[in-house]
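Residues per chain are reported as follows:
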Amino acid sequence: MTTDLLFPKIADCSYVSCYCEENVWKLCEQVKKTRIDELNKCYAVFVSNEGRTVPLWRQKAGRGDDQVVIWDYHVFFMHNPSPNRCLVFDLDTTLPFPTYFHKYVTETFRSDLALRPEHHRFFRVISAETYLMEFSSDRRHMRRPDGSWIKPPPSYPPIQSNSNVHSLGDFICMSPGKGPGTVYSLSEFVQTFYKSPNVVAQQNNK
């Protein structure tokens, strides 16, 4: 997979458990520093829903043979260099890093058809450049009422934009028309970023 060479290997990525939004921000930052020519083909993708109960399979934190876990939200990085080529970089998956889009979506999200409506997944896709400029978090969501940490935070200072100290809620929100980027249902997400080889061949032959 030649695209591996363009991006950091998983061992070279900034990673702190339960801070997926910051892990992806740091990956966007690395790409901007090392391969800025690829940044406009990269995205941060938030997965959540109104009830903040989204099942994902093949996760390191998952349980059972299928490694399923229910998150309130999850974030991964995506590189889409051409219509028929899209790769997912998820620091929390047990799948390879990166994984081709179709394999990642099929194994991680499966289908909404077998799920109750309240568990359906929605996807907010934000360009990497926008994410770097607009995301900020003072990590308040990881503190208990007494101020102690639910999970230890990263050692580096909180990520802050020029206009906001905590914009995480705008990214997790899946209401269309609110927040940055574009919100998709699972089927819309797949239709937007996956083109089957047959479709690509037909388009090339026109």
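The structure contained in this document is the topic of the report that follows. Chains are numbered independently. Their residues run from 1 in the order of the written sequence. Predicted model: local features are reported for residues with pLDDT of at least 70 only, side-chain atom pairs are reported and counted for 80 or more only, and whole-chain, interface and lining totals are derived from all residues. Side-chain measures here rest on the full set of heavy atoms in the structure, leaving out hydrogens and waters.

A separate point is the packing of aromatic side chains. Stacked, edge-to-face and tilted are the three classes for Phe, Tyr and Trp ring pairs, Trp counted by its six-membered ring, which pair at centre distances within 6.5 Å; planes under 30 degrees apart are stacked, over 60 edge-to-face, the rest tilted. Applying the stated criterion to the full structure yields 21 aromatic pairs. On the basis of an interplanar angle of 85 degrees and a centroid distance of 5.5 Å, the ring pair of Phe-77 and Phe-89 is categorised as edge-to-face. In this pair, Phe-77 is assigned in strand β4 (residues 74-82) and Phe-89 in strand β5 (residues 85-89), connecting sequence segments twelve residues apart. Each of the two residues, Phe-77 as well as Phe-89, counts as buried. Per the convention used, a helix needs a DSSP run of H or I reaching at least four residues, while a strand needs a run of E reaching at least two, with both numbered from the N terminus. The cut-offs for exposure are 20% and 50% of the maximum accessible area for each residue type, with area from a 1.4 Å probe on protein chains only; residues under the lower value are buried, those over the upper are exposed, and the others partly exposed.

Glancing now at the pairing of strand β1 (residues 42-48). With six of seven residues buried, β1 lies mostly within the body of the structure. Two strands pair when backbone bridges link them, and β1 and β4 are joined in this way by six bridges, in the antiparallel orientation. Counted as the bridge partner of Tyr-43 is Met-78 from β4. In the sheet, β1 pairs with strand β7 (residues 122-127) via six bridges, with the strands oriented antiparallel. Its bridge partner lying in β7, Val-45 is registered against Val-125. Being paired, for any two strands, means DSSP has found at least two bridges between them.

All right, on to the side chain of His-166 then. For His-166, the location among the structural elements is in the loop between α3 (128-134) and α4 (168-172). Residue classification places His-166 among the buried residues on the basis of a relative accessible area of 16%. At 2.9 Å, the side chain of His-166 and the side chain of Asp-138 are in polar contact. Here a residue-residue contact requires only that any non-hydrogen atoms of the pair lie within 4.5 Å. What His-166 contacts, discounting residues up to four positions off in sequence, is Ser-136, Ser-137, Asp-138, Arg-139, Arg-140 and His-141. Think of a polar contact as two N or O atoms within 3.5 Å of one another; within protein, one of them needs to be a possible hydrogen donor and the other a possible acceptor, and neighboring residues in sequence only count if both atoms come from side chains.

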